[in-house]
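These are the residues of each chain, in order.
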Amino acid sequence: MSAIVKRAGFLTSVQDLGRTGLREFGVSTSGALDSFALRVANLLVGNDEGAAGLEITLGGLQLRFDDDRIVAWCGGEFAVHIGSTAFPAGHTAFLRAGEELKFGRPQIGCRCWLAVSGGIDVPLVLGSRSTDLRANFGGFEGCTLRDGDVIPLSIPRRSETAVTAGISSWTAPHDWVNPAKHDPILRFVRGVDWKRFNTSTLQRFTSEAFTVLPDSDRMGVRFDSPELQREDNVDLTSEAVAPGTIQVPPSGKPILLLGDCQTIGGYPKMAHVITVDLGIAAQLRAGDHVRFCEVSLSDAQWLLLERERELERFRIGLSLQGS
C-alpha cells in the first residue's frame, strides 16, 4: 500500500499538525503551514484530523497509487488532474489503483495540502510524522520527496463510503479549501514590543502595503519596504516566538514567522498574526503585496472559536453524508 512519486515537484514534504510541547527544548513545531486546510482535507477522506499528508509547494507533484484510495486537497489555486479530469479543491475523489494524480503550478498562492485515505505511514519522531526540513528528521527520510520515492500508506479507517467513483459533487466551504487571495489582508494583535515603535511607524505598518521577498520560506515570510524603525537601539533579551510572530530586525524589514521558525528570538516582536489568518500567510509568495489590520485579542479568540464551531457542524454534515 503505497504512493509512487513519479515527479516530486518543487518542494513536497510529509506534514501533519506538527510537534507540540517541545519548543522549550528548541524543537520547532514544523507541520502543515495551514493546519486547518490539512484538517479539512483529512476529514473529507475519512482520516483523523491529525493524519499525515503532503504539503506541496508550487506544484509539479505527480503520484500513482498502487491500490484504491480516496483523496482530497485544499490550498492555493492549483490546476489538479486525475488523468485528464480536473479535480477541484475541497472535493473528494476515488482513485483506482494505477491512476495518477497531477498538480500543476498555482495561479494564486503557492501551497496546498493533500490528504489520502489512511494517511501517510512514516515513523513517528517526537510524537509527529512531520518533516523538519531544517534539522532533517521526521517525514520521509527527513527530507523533501524525490522522484521515484515510494511513500507508504496506512490502511484506510473506512472504505469507499463517501464516494465510490469519480469526484464528489459536494464540497467544503470555499474559504476553507482555497484561502489564497489577491492582495490579502492579515489581521494581527499587538506584540509585546509594539510601543517600541513611534506613531508614524505604527501608522505606516497598518496603512501601507508590504511586498513579499524571494528569500521567504517555511521559516518565515520576509517583507520589503516600508521599513519599520524602532525608537531605541537597546539590545533585547531573546524571548519565545511562535508561528505568526512578526519580528523587526535592524534592517527595519519585518519577518512573519511560520511553522519552521526558531523557538526564541531577540528582534522586537511588533505584532502577531491571528491563528485564523495563518492559512492566508502560508500562501504568500515572492512579489505578493499584503496589508495588515489590527484586531483585538477578544476578536481574535472569537474568530477562532467560531471557526471551530463551524468545523464541528461540518463534521456532523460529513457523518450524515457517509451514512
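Residues numbered from 1 in each chain as written. Predicted model: local features only at pLDDT ≥ 70, side-chain atom pairs only at ≥ 80, totals over all residues. Heavy atoms only, no water.

1. Focus: the overall build of the protein chain
Rule in force here: Helical segments are the DSSP runs of H or I of at least four residues, strand segments are the runs of E of at least two, and each set is numbered from the N terminus. Restricting the calculation to C-alpha atoms gives the radius of gyration, and the globule rule supplies 2.2 Å times the number of residues raised to the power 0.38. When accessible area is computed with a 1.4 Å probe and restricted to protein chains, residues below 20% of their type maximum are described as buried, those above 50% as exposed, and intermediate ones as partly exposed. Residue contacts follow a heavy-atom distance rule, with two residues in contact if any of their heavy atoms lie within 4.5 Å. Per-residue and other accessible areas follow the Shrake-Rupley method at a 1.4 Å probe size, with only the shown protein chains counted as cover for residues.
Scanning the protein chain from terminus to terminus reveals five helices and 20 strands. Taken over C-alpha atoms, the radius of gyration comes to 20 Å for the protein chain, in line with the 20 Å a tight globule of 323 residues would show. Over its C-alpha atoms, taken along the principal directions, the protein chain stretches across nearly 60 × 35 × 35 Å. A buried classification covers 52% of the 323 residues belonging to the protein chain. Sequence-distant contacts in the protein chain: of pairs separated by 6 or more residues, those separated by 24 or more amount to 76%. Summing over all exposed atoms, the protein chain offers an accessible surface of approximately 14,000 Å²; the carbon and sulfur share of this is 51%.

2. Topic: the layout of surface pockets
Rule in force here: With a 1 Å grid spanning the protein atoms alone, the term cavity applies to any set of points in which a 1.4 Å probe fits but cannot get out, the term pocket to an open set with protein on both sides within 12 Å along at least five of seven lines, and the term lining residue to any residue with an atom within 4 Å of a point. Grid points are joined across faces, edges and corners, and a volume is the space filled by probe spheres set on the points. Ten residue types, Ala, Val, Leu, Ile, Met, Phe, Trp, Tyr, Cys and Pro, are classed as nonpolar, four, Asp, Glu, Lys and Arg, as charged, and the remainder, Gly among them, as polar.
A volume near 480 Å³ is recorded for the largest pocket. In this structure, the largest pocket is lined by 23 residues; those nearest its centre are Ala32, Ser35, Pro243, Thr275 and Leu278. Only helix H1 (35-45), strand E19 (269-273), helix H4 (278-281) and helix H5 (297-321) provide two or more residues apiece to the lining of the largest pocket. Residue composition of the lining of the largest pocket, by class: 10 nonpolar, nine polar and four charged. Taken as a whole, the second largest pocket encloses approximately 360 Å³ of empty space. In terms of lining residues, the second largest pocket is bounded by 16 residues, among which Asp175, Trp176, Arg187, Val276 and Arg307 are the most central. Of all the secondary-structure elements, those providing two or more residues to the lining of the second largest pocket are helix H2 (174-177), H4 and H5. Broken down by element, the residue count for the lining of the second largest pocket peaks at five residues, all from H5.

3. What to know about the nonpolar core
Operational definition: Throughout this description, the term nonpolar core refers to a set of buried Ala, Val, Leu, Ile, Met, Phe, Trp, Tyr and Cys residues connected via side-chain atoms within 4.5 Å.
Counting residues in hydrophobic clusters, the biggest one holds 78 residues, and the most contacted among them are Val40, Leu101, Leu114, Phe205 and Phe292. Among the elements that take part in this core, H1 stands out by supplying eight residues, more than any other. Other than its neighbours up to four places away in sequence, Val40 contacts Cys74, Ala172, Trp176, Val177, Leu311 and Phe314. The next biggest cluster of nonpolar side chains, apart from the first, holds five residues, and it includes Val189, Ile274, Val276 and Ala300.

4. Thoughts on unusual backbone geometry
The phi dihedral of Ser30 is positive, around 55°, even though this residue is not glycine. Structurally, the position occupied by Ser30 is in the loop between strand E2 (11-15) and H1. Although it is not a glycine, Leu58 sits at a positive phi angle of roughly 65°. Topologically, Leu58 is positioned in the loop between strand E3 (53-57) and strand E4 (61-65). Note on Leu58: relative accessible area 18%, which makes it buried.

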